Amino acid sequence: MNAQDSHDLVLRVIAQIAPDVDVGSLDEDRDMRRELDLDSLDFQTLVERIAEETGVQIPETDYPQVRSLRGMAEYVAAAGTPSA
Amino acid sequence: MSAVERDDRQSRERHWQEARDRLDGLPAGGLNIAYEAVDRHVVHGDGDTLAFRFLGEDGPPEDITYRQLSERTSRFANLLADLAVPAGSLVFTLSGRNPDLYVAMLGALKACCGVSPLFSAFGPEPVRQRMAAGHGRVLVTTASAYRQKVAPVRDQLPDLEHVLVIGAGADTLDAPGVHDLAALMERSSKDYEIPRTDPEDIAFVHFTSGTTGMPKGAVHVHAACVAHSATGRSVLDLQRGDIYWCTADPGWVTGTSYGLVAPLTCGVTCIVDEAEFDAVRWYGILEDEHVSVWYTAPTALRMLMKAGPAAHEGSDLGGVRHVCSVGEPLNPEVVLWGQRELGLDIHDTWWQTETGAIMIANVPGLQIRPGSMGRPVAGIEIALMQRDAGGERLRDAEGRLVPVAGFGDEGEIAIRTPWPSLMRAYLGAPDRYASCFADGWYLSGDLARRDEDGYVWFVGRGDDVIKSAGHLIGPFEVESVLMEHPAVAEAGVIGVPDPTVGELVKAFVELKGGFAPSEDLRRDLIALGRRRLGAAVAPRSIEFAAHLPLTQSGKIMRRVLKARELGLLEGDLSTLGSTP
C-alpha cells in the first residue's frame, strides 16, 4: 500500500466513524482529534478499523506518531510495506 | 424515632458540624466556596503555594499560585459587576480545560453567581437545552466553541446577554454581547471583597440525564464545600503538599466537585491536563509531575490496561500514594491489574450528580474487596430499598419504603437526608425533584447489594439511563434528535455493554413508509446525531428494525430492545402493546 492509498483509506474510515465531519478543511499535519472533534473512543475505533482493513496494528506507544492524518497515512504505508 | 436512630442522627450532624468548623467562613459572614478554596489560603500565608499547574498540549506548563488565583478570580468577579450581572445569575462555561475556565468558575462564585459548566464535546442541542433551562445570562467560551455550538442556536437563547471569549477571536464573532475576556480582565481590579454569602445560596447547576424528558439541572449550594473538603481529606487522603490529578473534565460533576472545590479547599496543588487521553502521556504526567494522589475513571484505567506494559515501561510510579476511581463500576480485573502491574491499590468510590459528593468509598486503610465500591463515608447513612418484580419501589401497608431483608439482597441505594452537598432542587422541575425523596431518604435509582461487613456491591441502574465512558446519557435526548430525520418513524436508544467504556450508545430505528435501510441512511443518521448532540452523546451504531416494541401507551420498550440485543429472555412483556 502506498502513501496515497493509506491516506484515502484513513479518510474513508473517518467518514464511517464521523460522517458529520468535513475532511476537506482538515489540516493534515494537526491532531485529527482536535481538528475533527473525535473523542478517545472514535480514535480507538479508527485504529481498530485500520487494523481490520490492513492488518497494521498500531500500539499505543506509537499513537503520538499517528495523531495527524499525514502521520497515520505514512505509518500505515510504511508498516504495510514488506521490508524485502 | 428510636434512641439508636436519634444517636445516629446526632452523630451525623456532629460530623458535618466539625467539618464545617474546619473551614473559615467569610469575613463578611456566611460561607462562600471561592473563599474557602482560594482566598483563605492567602490569608493563612500559603499564597505562594501552587494551586494549579496546567499542562498544555504543546509548550511549557502554566503555573498559578493561590495568590495569583485569588487576584485573577477577583478580577473576574469585578468584571461581572462591571457588566451589571446580578448575584444569583447563572454563568455557563463551555471550553476545554484551560486556566481561564477555572478562573471564571471561581470568580463567578465570588460574585455570588451560580456556575453551570458544560462539557466541551457537547453539540449545539445539549448546549441549547441546558442554557435555555438555566436562563443563562453569561457564557464563558472560546471563539471556535461559540461558532460551532452556540451560534447555530443563539436565537433560541433569549436570556444570554454576555459572551466572554477566552483567547483570541472575539473580534471574529458577529454576535450580540461578545467581549474579549482578556481585555475585560486587564481593566478589572484585582481587589474584590466577597459579599456576605448565605451557605444556601446557589453555587453550581450540574445537568444530568434521566430516562425520560430533557436533562435535569441539579442545583448545589455553597454549603456543599463542607462535604467536598471533608471527603477530600477522608476519601482522597488529600494532605498539605500533595500534588493531585483529577482527570475528569469540569463539564461533569467530578471535574468540579473533585477537580476544583475539594482539592483547593484542602490547599493542595492540582494538575490539569489540557490534552485528551493518551496512555503514554498519562504515565508520563504521573511520573514527571510527581502526582501523589490520582482520581480517575474506570474507562481510562481500562484504556491504560489495554495499552499494555509497553506504555509504562521505565516509568517510576513510586510517588503515587493514593488512587481513586469514579464514574462507573470498577471491575475487579482493573483492581487486580493495578496491584499487579502498577503496584497501586485503586479505591472505588460511588456518588452522583445529585449527591454532590462521595457517599460510598473504599477509604484509605479499608481493605479493598475488588469489585465493591466500599462502605458509606462518615456522616452518611444508607439503606437498600426493595423493588417489586416490575421494578417499582415496594411500599408497606402504611405506604413506606421497605428495606431489603438480609445481606446480599438487591435493593435501590437510599441515603438518609440531609447532608451538605445534597442537591437542593432540579431547576424548574419541583415534581421531578420531589420524586427523588421518600420517608426522609434520597432515592438514587442505582441498585446494589450489601455484604455482612457493610461493603456495597453495584448491581446496575434501575432505569434506562446509559452510562458511557462514565457519562450519563438520557436515551430520550438521543431519540428526540433521531426523530427529527425525515426518514425516521420511531427510535429506541439503549446502552450495549462494552469492555472498555462500559456501555456504547446504540439506536434502533424504524423507518417511515417509502424509506429503505441503506448504508447512506445509516451514515446520515450517525452524522445527524454527532452534529446535533456531539460525539460524547451521539449513537455509535444504528440498527434498522422493521418494528420497534411499544407499550400500550406508545412508549418505546427499551428493556425489550436491550434483552434482544443481549440475547436474554425479554421478561414480563404484559405492558407490551401490539406493534403496528
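The shown structure was predicted, so the numbers you read here are calculated from the model rather than taken from an experiment. (Residues numbered from 1 in each chain as written. Chains lettered and ligands numbered in written order. Predicted model: local features only at pLDDT ≥ 70, side-chain atom pairs only at ≥ 80, totals over all residues. Heavy atoms only, no water.)

Caption draft 1: The pairing of strand β18 (residues 411–416) of chain B, seen in detail. Residues and elements named next belong to chain B. For β18, the buried fraction is high: 6 of the 6 residues fall into the buried class. Across 4 bridges, strand β17 (residues 382–385) lies against β18 in antiparallel orientation. Bridge assignment links Ala383 to a residue of β18, and that residue is Ala414. As paired strands, β18 and strand β21 (residues 441–450) are joined by 5 bridges and run antiparallel to one another. The residue bridging Ala414 from the neighbouring strand is Leu443, located in β21. (Buried < 20%, exposed > 50% of the residue type's maximum accessible area, 1.4 Å probe, protein only. Helix = DSSP H or I, 4+ residues; strand = E, 2+ residues; numbered from the N terminus. Pairing = 2+ DSSP bridges.)

Caption draft 2: Representation of the interface of chain A and chain B within the structure. Listed by partner, the interface residues are 22 residues for chain A and 24 residues for chain B. Together, the buried faces of chain A and chain B total about 1800 Å²; carbon and sulfur atoms form 49% of this surface. It is Asp20(A), Leu41(A) and Glu60(A) that lose the most area in chain A upon contact with chain B, and together they represent 30% of the buried surface on that side. Taken together, chain A and chain B are joined by 8 salt bridges. Ionic pairing is found between Arg540(B) and Asp39(A), a salt bridge with its closest N-O pair at 2.7 Å. Linking chain A to chain B there are 8 residue pairs in polar contact (both at pLDDT 80 or more). Only α1 (3–17), α2 (32–36) and α3 (40–54) of chain A provide two or more residues apiece to the side of chain A that touches chain B. When residues of the side of chain A that touches chain B are assigned to their parent elements, the largest contribution, 5 residues, is made by α3(A). Taken together, the residues of the side of chain A that touches chain B sort by class into 8 nonpolar, 4 polar and 10 charged. (Contact = heavy atoms within 4.5 Å. Buried area = accessible area lost by both parts, 1.4 Å probe. Salt bridge = Lys/Arg side-chain N within 4 Å of Asp/Glu carboxyl O. Polar contact = N/O pair within 3.5 Å; in protein donor to acceptor, adjacent residues only side chain to side chain. Nonpolar A, V, L, I, M, F, W, Y, C, P; charged D, E, K, R; others polar.)

Caption draft 3: Quick look at the nonpolar core. All names here are of chain B. Membership of the largest hydrophobic core comes to 90 residues, with the highest contact counts inside it found for Phe52, Phe76, Leu80, Tyr244, Leu264 and Tyr295. For this core, the leading source of residues is helix α4 (residues 99–110), giving 8 residues. Three or more residues apiece are contributed to this core by two domains, here domain 1 (3–350) and domain 2 (381–418 + 429–461). Apart from the residues within four sequence positions on either side, Leu80 is in contact with Val85, Val91, Ala108, Ala111, Cys113 and Val138. In terms of nonpolar packing, the next biggest core, distinct from the first, is built from 47 residues, Ala143, Leu511, Leu525 and Ile526 among them. (Core = buried A, V, L, I, M, F, W, Y, C linked by side-chain atoms within 4.5 Å. Domains from an automatic or database assignment.)

Caption draft 4: Molecular detail of the domain arrangement of chain B. Residues and elements named next belong to chain B. As far as domains go, chain B holds domain 1 (3–350), domain 2 (381–418 + 429–461) and domain 3 (466–566). Between domain 1 and domain 2, the C-alpha centre-to-centre distance is 30 Å. The interface of domain 1 with domain 2 comprises 7 residues on the first partner and 8 residues on the second. With both chains or domains summed, domain 1 and domain 2 bury close to 700 Å², and 54% of this area falls on carbon and sulfur atoms. The three residues of domain 1 that bury the most area against domain 2 are Arg12, Pro329 and Trp350, which together make up 68% of that side's buried surface. Where domain 1 touches domain 2, the interface holds 1 salt bridge. For Glu381, the salt bridge identified is with Arg12, shortest N-O distance 2.7 Å.

Caption draft 5: Fine view of the sheet that holds strand β2 (residues 62–65) of chain B. Residue and element names in this part refer to chain B. The strand order β2-β1-β11-β10-β12-β13-β14-β15-β16 describes an open sheet built from 9 strands, whose pairing is mixed. Every other strand in the sheet has two partners, leaving β2 and β16 (375–376) as the edge strands with one partner each. Bridging between strand β14 (residues 346–350) and strand β15 (residues 360–361) involves 2 bridges; their strand directions are antiparallel. The residue of β15 that forms the bridge with Trp350 is Ile360. Helix-sheet contacts for helix α3 (residues 66–82) involve β1 (50–55) and β2, and the interaxial angle to β2 is about 85°. In the packing of helix α9 (residues 253–265) onto the sheet, the strands contacted are β1, β10 (243–246), β11 (269–273) and β12 (293–296), and the crossing angle to β10 comes to about 165°. (Axes fitted to C-alpha atoms, helices over the stretch in contact; angles between N-to-C directions.)

Caption draft 6: Just the confidence of the model for chain A, in detail. A residue-level look at chain A finds 95% of positions with pLDDT of 70 or above and a mean pLDDT of 88. At the level of individual helices and strands, chain A shows its lowest average pLDDT in α2(A), which scores 86, and its highest in helix α4 (residues 69–79) of chain A, which scores 93. (pLDDT = per-residue confidence, 0-100.)

Caption draft 7: Fine view of the state of the cysteines. Residues and elements named next belong to chain B. The full count for this structure, using the stated rule, is 0 disulfides over all chains. You can see Cys266 has no disulfide; the closest cysteine sulfur is in Cys270, sitting 9.6 Å from it. Judged by its relative accessible area of 15%, Cys266 is buried. With no disulfide partner, Cys324 has as its closest neighbouring cysteine sulfur the one in Cys246, 10 Å distant. (Disulfide = S-S within 2.5 Å.)

Caption draft 8: Highlighting the pattern of salt bridges. Throughout the structure, instances matching the rule amount to 51 salt bridges over all chains. Two residues, Arg461(B) and Asp446(B), come together in a salt bridge whose shortest N-O distance is 2.6 Å. With Arg461(B) in strand β22 (residues 456–461) and Asp446(B) in strand β21, the pair connects residues that are 15 residues apart, well separated along the chain. Judged by relative accessible area, Asp446(B) falls into the buried class, the value being 5%. One salt-bridge network, in which partners are shared between bridges, spans Asp20(A), Asp39(A), Asp42(A), Arg530(B) and Arg540(B).

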